[in-house]
Amino acid sequence: MSSLRTPIWSHRLLRKLHRHALAGGLLLSTASAFRPVAAQPTASTVVLRAARVLDGTGRSLTNQDIVVERGRIVAMRPARGPLPAGGIDLGTRTLLPGLIDTHVHLGWYINGHDRMHTDDDGDTPAVSALAHAGNAWATLRAGFTTVQSIGEADNAALRDAIARGGIPGPRVLTSLGSLNERTRGGSPDSLRAVVRRFKQQGADVIKIFASKSIRDGGEATMTPEQLQASCGEATAQGLRSVVHAHSADAAQRAANAGCTQVEHGVFADNATRATLVQHGTFFDPQCGLVFRNYLDNKRWFDGIGNYNAVGFASMEQALPLAEAGIGFAARTPGLKLVFGTDAVAGAHGRNAEELVCRVRRGKQDAMDAIVSATSRAAESLRLDKEIGRVSVGFAADLIATDGDPSQEIEASQRVSFVMRQGTVYRNDGARVTITRRAAGVRR
């Protein structure tokens, strides 16, 4: 079995995804985004040669050969001598683990009417499915090889199709929906029952809304008892719990209830951060991508639900708080700060803009930002023995950037090579040593 497998999906599918992405306004960066890779050699073992490696734990290595076999890293060694047949020379680029986004919404997209898709806009299930697949492909091409897509009930089909190799995309973990203080009446027993139902349906994680939207002020909505029931049952079922919480009260209640991860936390204060540290709660605040996407593209959202003048004003006011909050979190000893964008319609494939915001606006150290999107994010997903590191035994989820993002974080936006589980999905210009037996890989 080749470590550089030929994916099941075809040129025809990529062309269809491309057409839909352009028609539906999915904001892929260029019209060439879905152009297939030229045929490249494949071998039972492939060696990637990199001038620089960021291993995902904060270490930087130079002149390394990474040996990949059957989708896993089987050896790392100093680069020397000629590459074997089928080897890939990444030149001066920087190799690092595939990036991980712990909070996206792959089911959100801009429809053919230049508006955010809603259930009553007339799009057929087939059109929506293509949009979801387009979002996944744009995200993978941007170097994000694993995402947690939380909130949408219809993510299972996309997750499973990618896992089977039917379509290109990142590894997807999904909650298959969410619960809040009103779900099934909101009693602790009813909330526990909902958690068990999600488990039976195949959810990877439980998504809980414990506060209002930032557009509605972000106040706490779930009681401590409700959170204890929801997160406690998730733990009992072997699942993680991810909690939407903007206010300090909501975030502290989630941490005290033993929930796994708190999202957003725009109004988090020192006491909140101390509580998160005390309980070992992962924290995923957003810096700017989600806010800027809404504010720069109001025409897509205006008039839908709480996307109105008050809601947009609230997001404007939240921006400086969110940026400052990244810095406070990054400087809090022991706080498990992870990377998540809350990428919604129009933001898929732009995920690395959040890394730039965290470093440039939030003043997070660049290497720490990379760790938060690799090994620490993997830990939050309980996949830290599988992904998030360039290390022997780990999945061959590897990307390369033009430039060193630990020195210039903007390099994270210049991804030119993407491999997931040993399959090359993007390769812009890397040299491949010649072998007689050639097979195609796609881009």
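As a starting point, this report considers the structure included with it. (Residues numbered from 1 in each chain as written. Predicted model: local features only at pLDDT ≥ 70, side-chain atom pairs only at ≥ 80, totals over all residues. Heavy atoms only, no water.)

### Here's the deal with the nonpolar core
Taken as a class, soluble globular proteins show a tendency for nonpolar side chains to be buried jointly. Counting residues in hydrophobic clusters, the biggest one holds 35 residues, and the most contacted among them are Leu 99, Phe 144 and Leu 355. Listing elements by their share of this core, those giving two or more residues are strand S7 (99–104), helix H2 (125–141), strand S8 (144–149), helix H3 (155–164), helix H11 (352–360), helix H12 (366–372) and strand S16 (415–420). Not counting residues up to four positions away in its chain, the partners in contact with Leu 355 are Leu 99, Phe 339, Ala 369, Ala 373, Ile 409 and Ser 412. Formed by 31 residues, the second largest nonpolar core is a distinct cluster that contains Leu 179, Leu 191, Leu 239 and Leu 335. (Core = buried A, V, L, I, M, F, W, Y, C linked by side-chain atoms within 4.5 Å. Buried < 20%, exposed > 50% of the residue type's maximum accessible area, 1.4 Å probe, protein only. Helix = DSSP H or I, 4+ residues; strand = E, 2+ residues; numbered from the N terminus. Contact = heavy atoms within 4.5 Å.)

### Focus: the pattern of salt bridges
Summed over all chains, the structure comprises 21 salt bridges. Residue Asp 160 is joined to Arg 159 by a salt bridge in which the shortest nitrogen-to-oxygen separation is 3.0 Å. With its nearest N and O atoms 3.4 Å apart, the salt bridge here joins Arg 361 to Glu 323. Linking Arg 361 in the loop between H11 and H12 with Glu 323 in helix H10 (residues 309–330), this pair joins segments that are 38 residues apart in sequence. A relative accessible area of 53% means that Arg 361 is categorised as exposed. What you see here is one network of salt bridges that share partners, running through Arg 159, Asp 160 and Asp 204. (Salt bridge = Lys/Arg side-chain N within 4 Å of Asp/Glu carboxyl O.)

### Some points on the state of the cysteines
One pass over the full model with this rule turns up 2 disulfides. The disulfide that involves Cys 231 links it to Cys 259, with 2.0 Å between the sulfurs. Measuring handedness by torsion sign, the sulfur bridge of Cys 231 and Cys 259 sits at about 90 degrees and is right-handed. Of this pair, Cys 231 sits in helix H5 (residues 224–236) while Cys 259 sits in the loop between helix H6 (248–256) and strand S12 (261–264); the two residues are 28 residues apart in sequence, bridging distant segments of the chain. Per residue, the accessibility class of Cys 231 equals that of Cys 259, and both read buried. Here Cys 287 connects covalently by a disulfide to Cys 357, the sulfurs 2.1 Å from one another. Judged by the sign of its S-S torsion, about -70 degrees, the cystine formed by Cys 287 and Cys 357 is left-handed. With Cys 287 in the loop between strand S13 (282–284) and helix H8 (289–296) and Cys 357 in helix H11, this residue pair connects regions lying 70 residues apart in the sequence. When its relative accessible area of 0% is taken as the criterion, Cys 287 is described as buried. Look at Cys 357 and you get buried, because its relative accessible area is 11%. Disulfide connectivity for the protein chain, with bonded cysteines indexed by sequence position, reads 1-2, 3-4. (Disulfide = S-S within 2.5 Å.)

These figures capture arrangement, not role.
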